[in-house]
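Chain by chain, the residues run as shown.
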Amino acid sequence: MLTGVILVFARAPEAGKAKTRLIPRLGPVGAAHLHAKLVHLTLGRVTALQHAHAQLWCSPGRDQPFFSQCGATYGVSLHDQSGFDLGERMSNAFDQVLRDYEWALIIGTDCPDLSSEDLECAGQDLNGGADVVLGPAADGGYYLIGLRKPEPRLFENIPWGGSEVLSRTYTRLEELGLNSAELGERYDLDRPEDLARFPHLLT
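Quantities reported herein were computed from a predicted structural model and do not represent experimental measurements.

1. A look at the packing of helix H1 (residues 23-47) against helix H2 (residues 65-74)
Right, so step 1: Packing of H1 against H2 brings their axes to within 11 Å, and their N-to-C directions diverge by 25°. In terms of axis orientation, H1 runs roughly parallel to H2. Every pair of crossing elements has a handedness; the one defined by H1 and H2 is right-handed. Touching Ala36, Val39, His40, Leu43, Gly44 and Thr47 of H1 are Phe66, Cys70 and Tyr74, all from H2.
Right, so step 2: Classifying every residue of the contact of H1 with H2 by side-chain character gives six nonpolar, three polar and no charged.

Okay, structure coming up:
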């Protein structure tokens, strides 16, 4: 099996800066607490896999105590995100890690629905020859993207955070002549209306 790496993109759970769209329902501290819980949930699932390495890519930087704790708890290396927007940060990360690994996946921490099976399927798709693998989110974005080689143009001029991220990405795939595989659709936890799907995370 080709050696891959899973990059978990995470923001520090700072009150007032994390899960801002949930603050009206949960308050700044409650939203930050939920965000921290999602980071731990994601890292637990990723590090349970046996056929891929895991890294934690941190914003605003890996010097945050929360990230140091995560690194020690889950045995993952810490890295700084760098770039003007999400697309540039992902592109830069892929460029770095694909010098050392056969493939890479980037996931966020907003998708409690993401399973170990999803991650294994994504790795299998890339091992099987897919140029790109995408995990579509119900809100029109994606919760996972995987590559076998850097593709910076996939991340240029995409309206990040909007409902057209996935459709624009597929248009770009066609323009670049890349073949892709798709995982099952999953739900992110971003907005107040999403909370009803994941009541167990609010305890």
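2. Quick look at H2
Right, so step 1: Among the residues making up H2, those that are buried are Phe66, Phe67, Cys70 and Gly71. What you see down the axis of H2 is that its buried residues fit within an arc of 140°, all on one side. Relative to its buried face, H2 has exposed residues pointing more than 90 degrees away, namely Pro65, Ala72 and Thr73.
Right, so step 2: Packing partners of the buried residues in H2 comprise strand S1 (4-11), H1, strand S2 (52-59) and strand S3 (77-80).
Right, so step 3: Residue glycine 75 follows H2 closely and has a positive phi angle near 65°.

3. Some details on unusual backbone geometry
Right, so step 1: Omega for the bond connecting serine 59 with proline 60 falls within 30 degrees of zero, at 10°, which places this linkage in the cis form.
Right, so step 2: Tracing the backbone shows proline 60 in the loop between S2 and H2.
Right, so step 3: Not every positive phi belongs to a glycine, and lysine 19 is a case in point at roughly 50°.
Right, so step 4: Among the structural elements, lysine 19 can be located in the loop between S1 and H1.
Right, so step 5: The phi torsion at asparagine 157 lies on the positive side, around 55°, for a residue other than glycine.

4. Thoughts on the pattern of salt bridges
Right, so step 1: According to the stated counting rule, one finds 14 salt bridges in the structure shown.
Right, so step 2: For arginine 148, the salt bridge goes to aspartate 131, with nearest N and O atoms at 3.3 Å. Within this pair, whereas arginine 148 is found in the loop between strand S6 (142-147) and helix H5 (165-176), its partner aspartate 131 is found in the loop between helix H4 (116-127) and strand S5 (132-136), the two being separated by 17 residues in sequence.
Right, so step 3: Note on arginine 148: relative accessible area 32%, which makes it partly exposed.
Right, so step 4: A salt bridge links lysine 149 to glutamate 151; its shortest N-O distance comes to 2.6 Å.
Right, so step 5: Judged by its relative accessible area of 8%, glutamate 151 falls in the buried class.
Right, so step 6: When salt bridges that share partners are traced, they join Lys19, Arg21, Asp110 and Asp190 into one network.

5. Regarding the environment of valine 165
Right, so step 1: Mapped onto the elements, valine 165 comes out in helix H5.
Right, so step 2: Sequence spacing of valine 165 and tyrosine 142 is 23 residues, and the spatial spacing of their C-alpha atoms is 7.4 Å.
Right, so step 3: With near-sequence residues (within four places) excluded, valine 165 lies in contact with Gly140, Gly141, Tyr142, Ile158, Pro159 and Trp160.

6. Here we look at the side chain of histidine 35
Right, so step 1: Take histidine 35: it is sitting in helix H1.
Right, so step 2: Among the polar contacts made by the side chain of histidine 35, one reaches the main-chain carbonyl oxygen of arginine 11 at a distance of 2.6 Å.
Right, so step 3: Excluding its chain neighbours within four sequence positions, the residues that come into contact with histidine 35 are Arg11, Ala12, Pro13, Ala18, Lys19 and Thr109.

7. Overview of the nonpolar core
The tendency in soluble globular proteins is for nonpolar side chains to be buried side by side.
Right, so step 1: If you look at the biggest cluster of nonpolar residues, it comprises 33 residues, and the most contacted ones within it are Leu56, Leu105, Leu119 and Leu144.
Right, so step 2: Of all the secondary structure elements, the ones that give two or more residues to this core are S1, H1, S2, H2, strand S4 (103-107), H4 and S6.
Right, so step 3: Beyond its immediate chain neighbours, meaning those up to four positions away, leucine 144 contacts Leu105, Ile106, Ile107, Leu119, Ala122, Val133, Leu134, Gly135 and Leu183.
Right, so step 4: Judged by nonpolar contacts, the second largest core, of 23 residues, contains Val97, Val132, Ile158 and Val165.

8. Concerning the pairing of S1
Right, so step 1: For S1, a buried count of seven out of eight residues is recorded, marking the element as mostly surrounded by other parts of the structure.
Right, so step 2: Direction of pairing for S1 relative to S2: parallel, over a ladder of eight bridges. Paired with leucine 7 across the bridge in S2 is glutamine 55.
Right, so step 3: Read from S1 through H1 to S2, the crossover connection turns out right-handed.
Right, so step 4: Pairing between S1 and S4: five bridges, direction parallel. For valine 8, the partnering residue across the bridge sits in S4 and is isoleucine 107.

Here is what the cut-offs are and how they apply
Residues numbered from 1 in each chain as written. Predicted model: local features only at pLDDT ≥ 70, side-chain atom pairs only at ≥ 80, totals over all residues. Heavy atoms only, no water. Axes fitted to C-alpha atoms, helices over the stretch in contact; angles between N-to-C directions. Helix = DSSP H or I, 4+ residues; strand = E, 2+ residues; numbered from the N terminus. Parallel < 35°, antiparallel > 145°, perpendicular 65-115°, else oblique. Left-handed = near helix turned anticlockwise from the far one by under 90°. Contact = heavy atoms within 4.5 Å. Nonpolar A, V, L, I, M, F, W, Y, C, P; charged D, E, K, R; others polar. Buried < 20%, exposed > 50% of the residue type's maximum accessible area, 1.4 Å probe, protein only. Arc of directions from axis to C-beta. Salt bridge = Lys/Arg side-chain N within 4 Å of Asp/Glu carboxyl O. Polar contact = N/O pair within 3.5 Å; in protein donor to acceptor, adjacent residues only side chain to side chain. Core = buried A, V, L, I, M, F, W, Y, C linked by side-chain atoms within 4.5 Å. Pairing = 2+ DSSP bridges. Right-handed = clockwise from strand over helix to strand, strands pointing away.

Everything listed is a geometric property; what it means functionally is a separate question.
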